[in-house]
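Structural overview
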Amino acid sequence: MEERKKLTIPDLQAMVERKEKITFLTAYDYPTALLEDRAGMDMILVGDSGAMCLLGHKSTLPATMDFMVTITAAVCRAATRAFVVGDMPYMSYQPSDEVAIRNAGRFIAEGGADAVKLEGGARMADRIRAIVKAGIPVMGHIGLTPQAASMIGGLKAQGRSARAAQALLDDAQALEEAGVFAILLEAIPAKVAELIVERSKVIVLSIGSGPACHGQLLIVHDILSLFEAFTPKFVKKYADVASVMLQAFQNYIKDVKAGKFPAPEHTYAIPKEEWEALAEMARRSTKGS
Ligand code: KIV
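Everything numeric here is computed off the predicted structure, so don't read it as measured data.

Quick word on the packing of aromatic side chains
Applying the stated criterion across every chain yields a total of three aromatic pairs. Taking 5.4 Å as the distance between ring centres and 90° as the angle between the ring planes, the aromatic pair formed by F227 and F230 counts as edge-to-face. F227 gets classed as buried once you look at its relative accessible area, which sits at 11%. Its relative accessible area of 35% is what places F230 among the partly exposed residues. Ring centres of Y252 and F261 lie 6.0 Å apart, and the angle between their planes is 65°; this geometry places the pair in the edge-to-face category. Judged by its relative accessible area of 34%, F261 is partly exposed.

So, in structure tokens, the structure goes:
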């Protein structure tokens, strides 16, 4: 059997050095993470997008620490090789260094994650410095940062003016100086992402930010067609799992309504002598009454 050695940050850095692209996908549950890991995914993000994809919320904001830690632990039980990143939910790191360190620590100690991710550029640099100082690897996340959607004008591409692109370059530098091991760029122009990659010494990952980055992230429910509310421009759908599930549910309903399920092979038998003994018991109790 193939040995499933858990990937570490030096392993990911070595992939960057040998120009091997890093593969990265979200997961929010054990069976999905098991298949991603088995497929050979290098990294798994337990994203707060789970609040939308799993729980049906309209934004990521309602994700709580307890929810995130529970699903991170499920994913980590499945990930024997993939490097797992826990996504710090809204208000789990914004209030203070102390709150941020405590909650980042829960992802590692209770969830079993290998690192945490949080949103924000230069304004989050000190917070990141404090978490890293506590010994927890941090991935920065800039560009489209969904937790700040109302501040940045909604879920739309960022960094499309010279000024905004320069701000992203400054943010990336601030994150690097704060000690992140990786920066995730969400929905920024490919050329701006390329500039960030050229100037960075850390791993730069993309979700909707073009091919120059060291690796690519997508949301698993998007690529499987399991999220219907909207589809960002950068998503490529790899399977229509929704149709397969719908068909299975419709077939089950049809079979149950038609009395075709369960068939004899789906039922348990009782040994003949036990059945006869039961009949005898029934006879006796009828006589006695
Ligand atoms: O929660 C998530 O899945 C994310 C990605 C959109 C980057 O943060």
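Here's the deal with the nonpolar core
The biggest cluster of nonpolar side chains holds 78 residues, and the ones touching the most others in it are M43, F83, M139, F181, L185, I196 and L205. Considering each element in turn, this core owes the most residues, eight residues, to helix α4 (residues 65-78). Sequence-distant contacts of I196, that is, excluding residues within four places in its chain, are made with L168, L169, A172, L185, I188 and V204.

Regarding the layout of surface pockets
Computed from the structure, the largest pocket encloses a volume of approximately 810 Å³. Lining of the largest pocket is provided by 44 residues; of these, L144, L155, E186, P232 and F234 occupy positions nearest its centre. Counting residues per element, the ones that place at least two in the lining of the largest pocket are α3 (50-53), β4 (115-119) and β6 (182-186). Its residues assigned to classes, the lining of the largest pocket comprises 23 nonpolar, 11 polar and 10 charged.

Let's talk about the site of the ligand
Around the ligand, the neighbouring residues are T26, L45, G47, D48, S49, D87, K117, H141, L184, E186, L217 and I219. Contact distances for the ligand include 2.8 Å between an oxygen atom and a side-chain N or O atom of D48. The side chain of K117 places a nitrogen or oxygen atom 3.0 Å from an oxygen atom of the ligand. Within the complex, the protein chains bury 97% of what would otherwise be the 260 Å² of accessible surface of the ligand.

Re the pairing of strand β7 (residues 203-207)
Remark: a regular strand shows side chains that alternate across the two faces of the sheet. Counting buried positions along β7 yields five of five residues, so the element is predominantly enclosed. Two strands pair when backbone bridges link them, and β6 and β7 are joined in this way by five bridges, in the parallel orientation. Of the residues in β7, the one forming a bridge with E186 is I207. In terms of handedness, the path from β6 via helix α8 (residues 190-199) over to β7 forms a crossover that is right-handed. Where β7 lies against strand β8 (residues 215-218), two bridges are found, and the strand directions are parallel. Bridged to L205 within β8 is G215.

Notes on the sheet that holds β8
Read around the closed barrel, eight strands run β1-β2-β3-β4-β5-β6-β7-β8, paired in parallel fashion. For this sheet, the mean angle separating the axes of adjacent strands, direction not counted, is 25°.

Points about unusual backbone geometry
For the bond from F261 to P262, the omega torsion is 5°, close enough to zero to count as cis. One can find P262 in the loop between α10 (241-257) and α11 (272-288). Even without glycine at this site, M91 takes up a positive phi of about 70°. Here M91 is to be found in the loop between β3 (83-87) and α5 (97-109).

Calculation criteria
Residues numbered from 1 in each chain as written. Predicted model: local features only at pLDDT ≥ 70, side-chain atom pairs only at ≥ 80, totals over all residues. Heavy atoms only, no water. Phe/Tyr/Trp six-rings, centres within 6.5 Å; stacked < 30°, edge-to-face > 60°. Buried < 20%, exposed > 50% of the residue type's maximum accessible area, 1.4 Å probe, protein only. Core = buried A, V, L, I, M, F, W, Y, C linked by side-chain atoms within 4.5 Å. Helix = DSSP H or I, 4+ residues; strand = E, 2+ residues; numbered from the N terminus. Contact = heavy atoms within 4.5 Å. 1 Å grid on protein atoms, 1.4 Å probe; cavity = no way out; pocket = protein on both sides within 12 Å on 5 of 7 lines; lining within 4 Å. Points joined across faces, edges and corners; volume = space filled by probe spheres on them. Nonpolar A, V, L, I, M, F, W, Y, C, P; charged D, E, K, R; others polar. Near = heavy atom within 4 Å. Polar contact = N/O pair within 3.5 Å; in protein donor to acceptor, adjacent residues only side chain to side chain. Areas by Shrake-Rupley, 256 points an atom, 1.4 Å probe, with all protein chains shown as cover. Pairing = 2+ DSSP bridges. Right-handed = clockwise from strand over helix to strand, strands pointing away. Axes fitted to C-alpha atoms, helices over the stretch in contact; angles between N-to-C directions.

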